[in-house]
Amino acid sequence: MRIRDPKVVAKFAEMHVDLQPGKVLADLTSLGIGGTTDLLRIKNHESLPDLLKLLDANHIQHKFLGGGSNLLVGDGELPWVVLQLVRPEPDVVLDGNFAHVDAAADLGRMITFCAKNDLGGMEGLIGVPGTVGGALRMNAGAYGMQIGSYVREVKLFRAASRKIEVLRGNQISFEYRHTSFAPDDMMLAVILELPSKPYKEILQGIRICNEKRRSSQPLGQKSAGCIFKNPPGASAGRMIDELGLKGLSVGDARVSDRHANFFVNAGRASAKDMLRLIAEVRERVQKTYGVSLENEVVVWNA
Ligand code: EPU
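The residue count restarts for each chain, going from 1 along the sequence in the order it is written. This being a predicted model, a pLDDT of at least 70 is required before a residue's local features are given, and a value of 80 or more before pairs of side-chain atoms are given or counted; all residues contribute to the totals for chains, interfaces and linings. Excluded from the side-chain calculation are hydrogens and water; included are all heavy atoms of the structure.

## What about the overall build of the chain?
Check the secondary structure of the chain and you find seven helices and 19 strands. Its C-alpha radius of gyration of 20 Å places the chain within 12% of the 19 Å reference for a compact globule of 302 residues. With the C-alpha coordinates aligned to their principal axes, the bounding extent of the chain is approximately 55 × 50 × 30 Å. Contacts in the chain between residues at least 24 apart in sequence constitute 65% of all its contacts with a sequence separation of at least 6. Only DSSP runs of H or I reaching four residues or more are called helices, and only runs of E reaching two or more are called strands; each is numbered from the N terminus. Throughout, the radius of gyration refers to the C-alpha atoms, and the reference size of a globule is 2.2 Å times the residue count to the power 0.38. By the convention used here, residues are in contact when the closest approach between their heavy atoms is within 4.5 Å.

Right, dumping it as structure tokens:
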């Protein structure tokens, strides 16, 4: 979608919103898949209510983009614009055991920064690409931990009220790869309470997680992490592997040879290829195991 109305474009500048016309979303996602639309980069959280009022009044649909690392975007010209926060400097401020983090902060860099200040707990998420906001909205987790356990407060833009709100940690439910946020709520900032731990000890944990990840996941390839959630008591990756589906391809969309729940873009895969591969694998798992796998990856299909 292209915003051409000069009156609307002029208002963006007043709101400190940077319009980047005709962005190819394949360049902004870890899968390297996605069509074209206008990108609106937001420098000031407080401008969101006015920005959304403006978009609503002009019937411009929108989506919120974090780090693009758990996302499959449709092909071609997309029917909505994309909103993304500009990362402020600094993006993490520490106050005792509390880390005040902007949603646009890089997850890995935030974990390392806290570690250097003897704050741990988040070691399991090292190596997970994306922003803190993205990790928060889906309650990212790995190696027995999840970000939700450390959340004390969240500032967000509520899609329903079109207002900025602050929620206490106990007002939010964090479950396995799921939260009580609405799909189109936008995370703005979070306060995490992290346990004190000596840097050396945290570093040891980080090294162990990095090693486990390197040995079992296709880190050098374009992917969105795990495609499916694990069904209760089972492993999607193991089931897909047992069916002999590693290497199964539709165009350049391919089930990873290293981890069967990672689907990689081995060249110039389209969203259509990837969606067909997802449907094919889901159908085969359903047929053999009687289990309907639920997407973990977020799909923005036009
Ligand atoms: N397995 C296979 N073949 C495969 C993949 C896995 O047999 O191709 C077996 C493994 O040997 C293991 C079991 O399946 O016995 C579980 O595998 P793994 O330890 O790799 O964990 P997972 O359940 O596949 C989950 C998360 C990952 C997270 C790891 C580590 C989900 C959907 N995935 O994977 O998260 O990194 O645990 O904690 O919950 C993600 O969210 O995108 C993600 C990658």
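## Considering unusual backbone geometry
With an omega of -5°, the peptide bond running from E89 to P90 counts as cis. Positionally, P90 belongs in the loop between β5 (81–85) and β6 (92–95). We note that R177 has phi near 50°; this positive angle belongs to a residue other than glycine. With respect to the secondary-structure elements, R177 resides in the loop between β12 (174–175) and β13 (178–179).

## Some details on the environment of I111
Structurally, I111 is set in helix α3 (residues 107–116). Taking the C-alpha atoms as reference, I111 lies 9.7 Å from G124; in sequence the two are 13 residues apart. The contact partners of I111, leaving out residues within four places of it in the chain, are M122, L125, I126 and I206.

## Side note on the packing of aromatic side chains
Any two rings among Phe, Tyr and Trp, with Trp reduced to its six-membered ring, count as a pair given centres within 6.5 Å; such a pair is stacked if its planes are under 30 degrees apart, edge-to-face if over 60, and tilted if neither. Under the definition given, this model contains four aromatic pairs. A ring pair is formed by F174 and F181, whose centres lie 6.3 Å apart and whose planes are at 80°; its orientation type is edge-to-face. Look at F228 and F263: their rings are 5.8 Å apart centre to centre, the planes differ by 85°, and that puts the pair in the edge-to-face class. Placement of the pair is F228 in the loop between β15 (222–226) and α6 (236–242) and F263 in strand β18 (residues 262–265), with a sequence separation of 35 residues. Only protein chains enter the accessibility calculation, which uses a 1.4 Å probe; a residue is then buried when its area is under 20% of its type maximum, exposed when over 50%, and partly exposed in between. Under the relative-accessibility criterion, F263 is labelled buried at 0%.

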